[in-house]
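Structural features, examined
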Amino acid sequence: MDVFALRTLGSFLYNDRKWAEAEILLQRAGRIEADGITWSMLWVVQYTRGKLPEAKATLDTALRRFPRNVQVYTGSIVFAAAQQKWDEADSLAIAGMERFSDNRSAQGTLAGMRASIAIAQGRIRDALSFRLESRRLNPNDSPATALNNMLDEASFSLHLRNDIPRAKRELAAALATLPREWPSRPDRPATTVVALCALLQDFACADAGLRYMEQRGTTSPSVMDAARGRLLLAKGDAAAAIPVLQHMVATSACNDCGNDLLARAFLAAGKPDSALVHFERYLNATEPSQYQQALYRVNDLIAVAQLHESAGDTAKAIARYSEVWTLWKKADPELQPRLEQVRTKLLALRGKG
């Protein structure tokens, strides 16, 4: 088989969760490939399998061989972020903006990555600025850009600021820009709208968005499961949400994606032990793309810390609260009250110890 065939089959096997077989094919392709794409795929497979030293060695080799390959370079940022080395990831992204200053598309990608890093660190103003820059630089920018910018604000208010009234106002402002019906447009950010509407109890909006996604027929099964499960959970039917989300976790191409959502379903169903297992599985997963879910990480860490505290495991509760403190050390002033609550909790738990 040629490189393209090996790479295509390797990608198919990866998406089918047959990671060991995918690694073998990509290693074969890497021995004859000359542009770095295969190497970028290979380290991801190795990382997903938990083979972190091998993944790092593959990535380092690719960086030496293909220093001007954008996909290879951004891999180094993803690797750092996936290991929660957010400052290192941001430094690499800044250096990348200089390295690829002549590449508008690469600049847009790197700005988007800086936005994800800023979100993880609670730097909302920076995140919004980087998102705007990323969309400005993206040559495939769509008419949904303005809507996405408004949805960002609502998402940050809900998940970072923990300000539900503000999130509702910002979501309403975003929805006011949409026509009453959901036309079949590929740039409609339906997944985000459904998630926000569900979490903010606007079920008419969420149901309409879900119908649109079903009619469009182009959304992946795991994303559809996530949307359905999230909506069932928001409506208070945790028992129905659990099997939908279990199916999503079992069939998703990535490693342990969705376990945080499944954990919240178990928590709502009054099963804290199962919730804790799935939260920990998600937070400890060797999944390089998980850094893109940074919007939820602080709330997941706090939920896990609270579960450990309720179970009487003070040491583990302290460890998870400490992660929040470290992660948000550069957070915006408006998030400092939330961080102060974590600090107070840490002091109290350490006093017990």
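I will try to describe carefully the structure that is included in this document.

Under the definition given, this model contains five aromatic pairs. With 5.3 Å between their ring centres and 85° between their planes, tyrosine 47 and phenylalanine 79 make a pair best called edge-to-face. Here phenylalanine 79 lies in helix H5 (residues 70-82) and tyrosine 47 lies in helix H3 (residues 37-48), a separation of 32 residues in the sequence. Grouped by ring-pair contacts, the aromatic residues Trp43, Tyr47 and Phe79 constitute a single cluster.

One finds Ile77, Trp86, Phe156, Leu160 and Trp328 to be the most contacted residues of the largest nonpolar core, which totals 69 residues. Here this core takes eight residues from helix H7 (residues 104-120), the largest share from any one element. Excluding anything up to four places from it in sequence, leucine 160 contacts Ile119, Ile124, Ser155, Leu295, Trp328, Leu335 and Arg338. Residues Leu147, Ala154, Ala206 and Ala234 belong to the second largest nonpolar core, which totals 25 residues.

In this model, glutamine 84 sits at a positive phi of 65°, which is unusual for a non-glycine residue. One can find glutamine 84 in the loop between H5 and helix H6 (86-99).

Bringing the side chain of aspartate 225 into the picture now. Following the sequence through the fold, aspartate 225 ends up in helix H13 (residues 221-234). If near-sequence neighbours (up to four positions away) are discounted, aspartate 225 is found in contact with Val244, Leu245, His247, Met248 and Thr251.

We now examine helix H4 (residues 52-65). If you check H4, its first and last C-alpha atoms are 20 Å apart, about what 14 residues at 1.5 Å a residue would give, namely 20 Å. For H4, the set of buried residues is Ala55, Thr58, Leu59 and Ala62. The buried residues of H4 occupy an angular sector of 95° when projected down its axis, which confines them to one face. More than 90 degrees from the buried face of H4, the exposed residues found are Pro53 and Arg64.

Position of histidine 159 among the secondary structure elements: in helix H9 (residues 145-159). With near-sequence residues (within four places) excluded, histidine 159 lies in contact with Leu199, Leu295, Tyr296, Asn299 and Arg338.

Counting through the fold element by element, alanine 174 comes out in helix H10 (residues 164-175). Taking the relative accessible area as the measure of exposure, alanine 174 reaches 0% and is therefore buried. Note: C-alpha distance between alanine 174 and threonine 326 (152 residues apart in sequence) is 33 Å. Those residues in contact with alanine 174, other than ones at most four positions away along the chain, are Leu147, Met150 and Leu151.

Take the packing of helix H12 (residues 203-216) against H13 next. Relative orientation of the contacting elements H12 and H13 amounts to 160°, with a least axis distance of 11 Å. In terms of their interaxial angle, H12 and H13 are classed as roughly antiparallel. In the crossing of H12 with H13, the sense of the turn from one axis to the other is left-handed. Contacts between H12 and H13 pair Phe203, Ala206, Asp207, Leu210, Met213 and Glu214 from the former with Val223, Met224, Ala227, Arg228, Leu231 and Ala234 from the latter. Residue classes in the contact of H12 with H13 are distributed as nine nonpolar, no polar and three charged.

In a regular helix each residue adds 1.5 Å, so 14 residues correspond to 20 Å; helix H17 (residues 297-310) covers 20 Å between its end C-alpha atoms and thus fits that length. Of all 14 residues in H17, eleven are buried; the element is thus mostly enclosed. Among the residues of H17, Arg297, Val298, Asn299, Asp300, Leu301, Ile302, Ala303, Val304, Ala305, Leu307 and His308 are the ones counted as buried. On the buried face of H17, the contacting elements are H9, helix H15 (259-268), helix H16 (272-283), helix H18 (314-327) and helix H19 (336-352). A positive backbone phi angle near 85° is found at glycine 312, which sits one or two residues after H17.

Rules used in this analysis
- Residues numbered from 1 in each chain as written.
- Predicted model: local features only at pLDDT ≥ 70, side-chain atom pairs only at ≥ 80, totals over all residues.
- Heavy atoms only, no water.
- Phe/Tyr/Trp six-rings, centres within 6.5 Å; stacked < 30°, edge-to-face > 60°.
- Helix = DSSP H or I, 4+ residues; strand = E, 2+ residues; numbered from the N terminus.
- Core = buried A, V, L, I, M, F, W, Y, C linked by side-chain atoms within 4.5 Å.
- Buried < 20%, exposed > 50% of the residue type's maximum accessible area, 1.4 Å probe, protein only.
- Contact = heavy atoms within 4.5 Å.
- Expected span 1.5 Å × (residues − 1).
- Arc of directions from axis to C-beta.
- Axes fitted to C-alpha atoms, helices over the stretch in contact; angles between N-to-C directions.
- Parallel < 35°, antiparallel > 145°, perpendicular 65-115°, else oblique.
- Left-handed = near helix turned anticlockwise from the far one by under 90°.
- Nonpolar A, V, L, I, M, F, W, Y, C, P; charged D, E, K, R; others polar.

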